[in-house]
Structures are given as structure tokens and as C-alpha cells.
Amino acid sequence: RPPTSQIEEVAILKGSNCRAKGAAPGFKVAVLGASGGIGQPLSLLMKMNPLVSVLHLYDVVNTPGVTADISHMNTGAVVRGFLGQPQLESALTGMDLVIIPAGIPRKPGMTRDDLFNINAGIVRTLCEGIAKCCPNAIVNVISNPVNSTVPIAAEVFKKAGTYDPKRLLGVTTLDVVRANTFVGEVLGLDPRDVNVPVVGGHAGVTILPLLSQVNPPCSFTSEEISYLTSRIQNGGTEVVEAKAGAGSATLSMAYAAAKFADACLRGLRGDAGIVECSYIASQVTELPFFASKVRLGRAGVEEVLPLGPLNEFERAGLEKAQGELAESIRKGVAFANK
Ligand code: NAD
Ligand code: LMR
């Protein structure tokens, strides 16, 4: 017999409302854009995360099916679905972490900036909801162009008086995941044992892998550096072209987003030594936003780590990245304030 609470929740889409007996207390997480190519596998991975006690799945389409499906997984998190703008506030209320993969993906021939006109408005609306319903939540922005959508989110939160730069993080983990994979291939190492810092932003030349700082320490020929830099910077385009009009990276992105969300949750729990790359408000360069290594903790970003020594190739890359990043940030801020 279903529990009374479940019968009562007719407005909330069919989910699971029983937390397993003896389950450890955990965090409340919302995925906005949960029915999408990233949203579905990401929601599945968050349902498998033992740190999650409540999982809210929000989208403008198809959340009844996604929620019913994921809620049958016998893991601890209670899953609830929310459909359309009228249910956004219920989806967000009480959340500790909000992950945003809502928005349209690229097709071959497009840049991430070509998504701006549609995705900027989607991110603004969702962030207005966050400011109202869960102003203290950590926010992970996946929607492209990340170089602009994070500044948009910051402006929305500033207007609402809820902005805390420590809690707003652009997700650039896929660049690190790709870099670790491609460097692992070149070095003949297990990619899980490789860690490549990737700084700057999340589009083309703004993606700056610091191959001089790879862990474990190693060296590359100039051909390898040129191949790896280009492959990492164009990893997204490689997938867009291979999918030939059917979208962009979804599965590797869901993996990367789940990895990053898990790091944020472990930080919130108070674990020590959690370091990830992320695109955040920063004073590491003269730009107001920049991706670099950050230490995560109970407050979100507890420390922005310095870039470390760059070689000549990386300094030239940084110069190029800064010009494009400045324009993407300006565009995002102007959109939010117009
Ligand atoms: P998709 O089209 O498969 O899914 C997007 C989902 O967003 C859809 O289910 C759609 O209904 C939903 N949506 C649209 N408007 C919404 C709104 N107002 N509120 C809530 N949900 C809404 O796209 P995808 O492949 O999942 O990609 C989503 C976004 O993530 C794209 O902008 C893509 O460029 C970006 N992305 C970023 C990275 C990264 O590294 N940061 C990697 C891959 C993709
Ligand atoms: C990626 O890096 O895969 C994403 O930003 C999606 C894209 O458009 O390339």
C-alpha cells in the first residue's frame, strides 16, 4: 500500500516519497532541465549518490515519465518531479544544491555563443526562482555559453540581493575529464590517475589546459602539446560533429556534472581537501570571472587557488583567452541588466 504522503502529493508528479529506513541524512538537490540529454543521465547518477536525500527533477516537458522511471531505483534519495513554470518554486524550495543543464545544445557549425539568445533567458528565469526560493543553495551552471550564463546568474542574484560569489559555480569539469582522458592516452596511463588543470573558460580558445602542471609530473613534445591542446579545446565540437545534428555531449557531461556535484556535496558536508576546476567570480586575472582550481567547502568556494607557473605557450594562450572571455562576460552582464 502506498504511503499516505504519496497519495496526497497529487500535484507533485509520481515519484518516491519514502526515505529508506536507516538512511543517513543527506542533501536536497534539484536538477533543472532534468528531461534533457544531460538531465536524464545526470538525474540517474544523482539518484545513485548516497549524499542525496531528496532529488527534485524540474523541466518544461516530460518530467512525469523521467520521475516515475528514476524513482523506481532502489537507492536512498526520495525523487519528486515538477513540470513547467508554475511548479518551479515548489521544485526549488529548500534545495541545498541546484544543477542547471536546461537549454538548447549546439548543432554542427554553431559556436556555444550562438546559443546565447535562447539560453540566456532560460538561465535568467531559473535563477530568479533560485533567488526567491533557495537563495542559500549552491548553484552549478551547465547551460551554454557558460562564459556568459554564469555572469548572467550573478547579475540576477545581485539584483535580488542574494548574490554570494562562493555559491555560484560554472561547470567546466568536462574539460578536465577530457584532458585527463586524452593525456592518459598519450602517456599510456590510466586516465583516473591523471589530473590536468584546465583554466580560463568553457569555449574554444578560452579552454586552457595547463599541460606543464599535469599530475603525475610528465613532459610532452611540442607536437604532443599542440595535439592535446587542440583536442581538449575542440572536444565539444568533436562530439557535436559526431552526433551530426542530434545534439552535443550528454553522457560524458552527465558523468562530469555528477562528479562535480558530488565534490560540492562533499564540501558542504565538511570534507577537507576537495579541489576542482570551476568557472567562478575570481581575482586570479583582471577578469571578473575565470575558471581555475578552487577548494570547496561548507560555504561553496572557500579558496580560489593561484594559477601556478605558466610556460610561454600557456602565457600566450592565456592572453588569447582573456580577450574572448572579456567579451562573453560583458555580453552576459549587459543582457541581465537591459
Ligand atoms: P537537451 O535539449 O537535450 O536538454 C535540455 C533540456 O532543457 C530539455 O529537456 C528542455 O525541455 C529543458 N528546458 C528548456 N527550457 C527550459 C526551462 N525554461 N526550464 C527548464 N528546462 C528547460 O540539451 P542537452 O544536451 O541536455 O544540453 C543542455 C545544455 O547544456 C546546452 O546548453 C548545452 O550546450 C550545455 N552543455 C554544457 C556543457 C558544459 O560542459 N558546461 C556540456 C554539454 C552541454
Ligand atoms: C561541450 O564541451 O561538450 C559542451 O560545451 C557542449 C558543446 O556545445 O560543445
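Scroll up to find the structure this text is about.
Residues numbered from 1 in each chain as written. Chains lettered and ligands numbered in written order. Predicted model: local features only at pLDDT ≥ 70, side-chain atom pairs only at ≥ 80, totals over all residues. Heavy atoms only, no water.

Colleague: Would you explain the pairing of strand 6 (residues 138–141) in this entry?
Modeller: Where a strand is regular, its side chains alternate between the two sheet faces. The side-chain alternation of strand 6 yields two buried faces, one formed by Ile138 and Asn140 and the other by Val139 and Val141. The sheet contact formed by strand 5 (residues 97–100) and strand 6 spans 4 bridges and is parallel. Each residue of the ladder has a partner; that of Ile99, found in strand 6, is Asn140. With helix 5 (residues 116–133) bridging strand 5 and the parallel strand 6, this β-α-β connection has right-handed handedness. Note on the crossover from strand 6 through helix 6 (residues 146–160) to strand 7 (residues 168–170): the handedness is right-handed. (Buried < 20%, exposed > 50% of the residue type's maximum accessible area, 1.4 Å probe, protein only. Helix = DSSP H or I, 4+ residues; strand = E, 2+ residues; numbered from the N terminus. Pairing = 2+ DSSP bridges. Right-handed = clockwise from strand over helix to strand, strands pointing away.)

Colleague: Sorry, what's going on with the pattern of salt bridges here?
Modeller: Between side chains of opposite charge, a pair can form as their charged atoms come close. Applying the stated rule across the entire model yields 12 salt bridges. Two residues, Glu89 and Lys132, come together in a salt bridge whose shortest N-O distance is 2.7 Å. Of the two residues, Glu89 is situated in helix 4 (residues 88–92) and Lys132 in helix 5; the sequence distance between them amounts to 43 residues. The class of Lys132 is exposed, set by a relative accessible area of 59%. In this structure, the salt-bridge partner of Asp271 is Arg269, at a minimum N-O distance of 2.6 Å. The partly exposed category is assigned to Asp271, whose relative accessible area is 24%. A residue is classified by how much of its surface remains accessible, and Arg269, at 40% relative accessible area, is partly exposed. (Salt bridge = Lys/Arg side-chain N within 4 Å of Asp/Glu carboxyl O.)

Colleague: Help me out: how do you make sense of the environment of Pro191 in this one?
Modeller: Structurally, Pro191 can be placed in the loop between helix 7 (173–187) and strand 8 (198–200). For Pro191, a relative accessible area of 38% puts it in the partly exposed group. Remark: the alpha-carbon pair of Pro191 and Ser222, spanning 31 residues in sequence, is separated by 21 Å. Not counting residues up to four positions away in its chain, the partners in contact with Pro191 are Asn180 and Thr181. (Contact = heavy atoms within 4.5 Å.)

Colleague: Would you mind going over unusual backbone geometry with me for this structure?
Modeller: One can expect most non-glycine residues to show negative phi and most peptide bonds to be in trans. Between Asn144 and the following residue, Pro145, the backbone shows a cis peptide bond with an omega angle of -5°. With respect to the helices and strands, Pro145 occurs in the loop between strand 6 and helix 6. A positive phi angle, close to 65°, is found at Asn62, a residue other than glycine. Assignment of secondary structure puts Asn62 in the loop between strand 3 (52–59) and helix 3 (63–71). Given a relative accessible area of 52%, Asn62 falls into the exposed group. In this structure, Ala244 is a non-glycine residue whose phi angle is positive, near 50°.

Colleague: Teacher, can you tell me more about the side chain of Glu314 here?
Modeller: Within the fold, Glu314 resides in helix 11 (residues 312–337). No salt bridge is formed by the buried Glu314; its nearest oppositely charged neighbour, Arg315, is found at 7.4 Å. Here Leu211 takes part through its backbone nitrogen, which lies 3.1 Å from a polar atom of the side chain of Glu314. (Lys, Arg positive; Asp, Glu negative; His and termini not counted. Polar contact = N/O pair within 3.5 Å; in protein donor to acceptor, adjacent residues only side chain to side chain.)

Colleague: Would you mind showing me how to read the site of ligand 2 here?
Modeller: Taken together, Arg106, Arg112, Asn144, Leu174, Arg178, His202, Gly236, Ser248 and Ala249 form the complete shell of residues around ligand 2. One of the side-chain nitrogen or oxygen atoms of Arg112 is found 2.8 Å away from an oxygen atom of ligand 2. Interatomic distance of 2.5 Å between a side-chain N/O atom of His202 and an oxygen atom of ligand 2. In isolation ligand 2 has 260 Å² of accessible area, and contact with the protein removes 96% of it. (Near = heavy atom within 4 Å. Areas by Shrake-Rupley, 256 points an atom, 1.4 Å probe, with all protein chains shown as cover.)

Colleague: How do you make sense of the packing of aromatic side chains when you look at a structure like this?
Modeller: For any pair of aromatic rings, the description consists of the separation of the ring centres together with the inter-plane angle of the planes. If you walk through the whole model with that rule in mind, you get 2 aromatic pairs. With 5.6 Å between their ring centres and 90° between their planes, Phe116 and Phe335 make a pair best called edge-to-face. Taken as a pair, Phe116 in helix 5 and Phe335 in helix 11 lie far apart in primary sequence, 219 residues in all. With respect to class, Phe116 is no different from Phe335; both count as buried. Residues Tyr279 and Phe289 carry aromatic rings whose centres are separated by 6.1 Å and whose planes lie at 35° to one another, so their mutual orientation is tilted. Here Phe289 lies in strand 11 (residues 289–297) and Tyr279 lies in strand 10 (residues 274–281), a separation of 10 residues in the sequence. (Phe/Tyr/Trp six-rings, centres within 6.5 Å; stacked < 30°, edge-to-face > 60°.)

Colleague: Before we go on, may I ask you to explain helix 11 in this structure?
Modeller: Given 3.6 residues per helical turn, the α-helix brings residues three or four places apart onto the same face. An ideal rise of 1.5 Å per residue puts 38 Å on 26 residues; helix 11 measures up with 38 Å between its terminal C-alpha atoms. What helix 11 keeps buried is the set Glu314, Gly317, Leu318, Ala321, Gln322, Leu325, Ser328, Ile329, Gly332, Phe335 and Ala336. (Expected span 1.5 Å × (residues − 1).)

Colleague: I'm lost on the pairing of strand 12 (residues 300–304) in this one. Help?
Modeller: Two strands pair when backbone bridges link them, and strand 11 and strand 12 are joined in this way by 4 bridges, in the antiparallel orientation. When the bridges of strand 12 are listed, Arg295 appears paired with Glu303. Here strand 11 hands over to strand 12 after 2 residues, the two strands then running antiparallel side by side.

Colleague: Please clarify how the site of ligand 1 should be interpreted in this entry.
Modeller: Within the structure, ligand 1 sits among 28 residues, and Gly37, Ile38, Asp59, Ile104 and Asn144 are positioned closest to it. Backbone polar atom of Gly36 to an oxygen atom of ligand 1: 3.2 Å apart, as the coordinates give it. Interatomic distance of 3.1 Å between a side-chain N/O atom of His202 and an oxygen atom of ligand 1. Going through the elements one at a time, strand 3 and helix 5 are the ones with two or more residues in the shell around ligand 1. Ranked by residue count, the leading element in the shell around ligand 1 is helix 5, at 3 residues.

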